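Understanding the architecture of this molecule
Each chain, letter by letter, is given below.
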Amino acid sequence: MTDYGLMTLSTHEADLFEGARGRLQAIAYRLLGSAGDAEDAVQETFLRWHAADREQIETPEAWLTKVLTNLCLNQLTSARARRETYVGQWLPEPVLAGDPMLGPAETAEQRESVSLAMLTVMERLTPNERAVYVLREAFGYSHREIAEILELTESNCQQIYRRAAQHLGGRSRIEVDAAAARRIAEEFIAAALSGETDPLVRLLTGDVVSVADGGGVVRARRTPVVGAGAVARYLRNLFRPTAAKRAFVGADLTFYAAVLNGDPAVVIEAGGRVHGVLVLELSPAGIAALHVQVAPDKLARLTREWAAEGPHRPLDAQW
């Protein structure tokens, strides 16, 4: 982290930043797809705010947003190079319902912009396309304001936004509350632990896709699994208990239902730690995608938040 010669913040200036922290976190999370990286970007923004000649800053909110966005743009550029050597599939870091990282959720567009499916597909955008889309779609910034933040022309921002929207396309997504998420998780985990593929196939769409992220640390499937039959067999084998799996986790697994990034999910816990999550992306025809996150660094925040929210009621499922 950069070492600045820090100037003393007044109470008003400190409060001003703290008042903006939640919005800055939410912007950074949508831009980076990582809560940990978002926290780092916000902290770096704070250090720059601390070191700045704040008397010369006319609009603090705009200044902070510009600094944060450009930090994220720089990180996105370097992340592209890192992803080329990433072991297996890269997935965003999931966060629990109610986490400040999720930011505004008043509109369907705002909620969609933080779904794991959208965060994943936004990886296809250029850094500028992603920034323009996030600031416009999720936070309601005008093209004039975005142009000032990114130091582009207003017409260029409009063109970039249209291009990003075309790349992302329309998406059909079913939103759930905690009660619905539990029913879905119960049905899913019962099918996964049945030892049979037919109960799983009935829950999945024909073209379902399962993607797993182990971060090169935990063993995970390195390529997507496509199709109901193939995904059902993959899940049957994944949830089949073996001596090696029990030895690896060191304890019996307990399954819980949760809502992560607006989607129903199964949280897998053992020994007081979250070992993995399966986020279920729903469509009118069934489960259209599974996002399997087992990379330890992408579960650290969720483990802390999960423990803080506890105790939780486990699903009636034995592994």
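Basis of the calculations
- Residues numbered from 1 in each chain as written.
- Predicted model: local features only at pLDDT ≥ 70, side-chain atom pairs only at ≥ 80, totals over all residues.
- Heavy atoms only, no water.
- UniProt positions renumbered as here; feature names shortened; annotations may be inferred.
- Helix = DSSP H or I, 4+ residues; strand = E, 2+ residues; numbered from the N terminus.
- Buried < 20%, exposed > 50% of the residue type's maximum accessible area, 1.4 Å probe, protein only.
- Pairing = 2+ DSSP bridges.
- Salt bridge = Lys/Arg side-chain N within 4 Å of Asp/Glu carboxyl O.
- Core = buried A, V, L, I, M, F, W, Y, C linked by side-chain atoms within 4.5 Å.
- Contact = heavy atoms within 4.5 Å.
- Phe/Tyr/Trp six-rings, centres within 6.5 Å; stacked < 30°, edge-to-face > 60°.
- Axes fitted to C-alpha atoms, helices over the stretch in contact; angles between N-to-C directions.

Some remarks on the UniProt feature "domain: RNA polymerase sigma-70 region" (unreviewed entry) in the protein
Per the UniProt entry, the sites bearing "domain: RNA polymerase sigma-70 region" (unreviewed entry) are residues 17-80 in this numbering. The straight-line gap between the two end C-alpha atoms of residues 17-80 is 30 Å; of that span, 84% is helix and 0% is strand.

A closer look at the pairing of strand β6 (residues 286-293)
Of all 8 residues in β6, 7 are buried, a share of seventy percent or more. Pairing between strand β1 (residues 204-213) and β6: 6 bridges, direction parallel. Within the sheet, the bridge partner assigned to V209 lies in β6 and is A289. Inspection of the sheet shows strand β5 (residues 273-283) paired to β6 by 7 bridges, in the antiparallel sense. Paired with E281 across the strands is A289, a residue of β6. Hairpin connection from β5 to β6: 2 residues lie between these consecutive antiparallel strands.

A short note on the pattern of salt bridges
Applying the stated criterion across every chain yields a total of 12 salt bridges. Note that E39 and R301 form a salt bridge whose closest N and O atoms lie 2.4 Å from each other. Of this pair, E39 sits in helix α2 (residues 35-51) while R301 sits in helix α13 (residues 300-309), placing them 262 residues apart in sequence. With relative accessibility at 8%, the residue R301 sits in the buried group. For E129, the salt bridge goes to R163, with nearest N and O atoms at 2.9 Å. Residue E129 is found in helix α6 (residues 127-137), and its partner R163 is found in helix α8 (residues 154-168); the two are separated by 34 residues along the sequence. A relative accessible area of 4% places E129 in the buried class.

So, the nonpolar core
As a rule of thumb, soluble globular proteins bury nonpolar side chains together. Y29, L68, M122, V277 and W306 are the most contacted members of the largest nonpolar core, which totals 63 residues. When residues in this core are grouped by element, the largest group, 9 residues, is from helix α1 (residues 11-32). Ignoring sequence-local partners within four residues, the contact set of Y29 consists of S34, A35, A38, E93, P94, V95, M101, L102, V114, L116, L119 and N261. Within the second largest apolar cluster, 38 residues are counted, among which are A212, F239, I268 and W319.

Observations regarding the packing of aromatic side chains
Scanning all chains against the criterion turns up 6 aromatic pairs. Arranged with centres 5.5 Å apart and planes meeting at 70 degrees, the rings of Y256 and W306 form a pair that is edge-to-face. Residue Y256 is located in strand β3 (residues 254-260), and its partner W306 is located in helix α13; the two are separated by 50 residues in the primary sequence. Per residue, the accessibility class of Y256 equals that of W306, and both read buried. Taken together, the ring pairs in this structure connect F188, F239 and F255 into an aromatic cluster.

Some thoughts on the sheet that holds strand β2 (residues 225-226)
Spatially, the 6 strands line up as an open sheet ordered β2-β1-β6-β5-β4-β3, and their pairing is mixed. Among the strands making up the open sheet, the edge pair consists of β2 and β3. Sheet analysis places β3 next to strand β4 (residues 263-270), joined by 7 bridges and oriented antiparallel. Pairing of Y256 across the sheet is with V267, part of β4. Each of β3, β4 and β5 is contacted by α13, which is oriented at about 95 degrees to β5, the strand it contacts most.

Points about the environment of L282
Residue placement: L282 occurs in strand β5. Taking relative accessible area as the criterion, L282 reaches 9% and is therefore assigned buried. Residues L282 and E309, spaced 27 residues apart in sequence, show a C-alpha to C-alpha distance of 25 Å.

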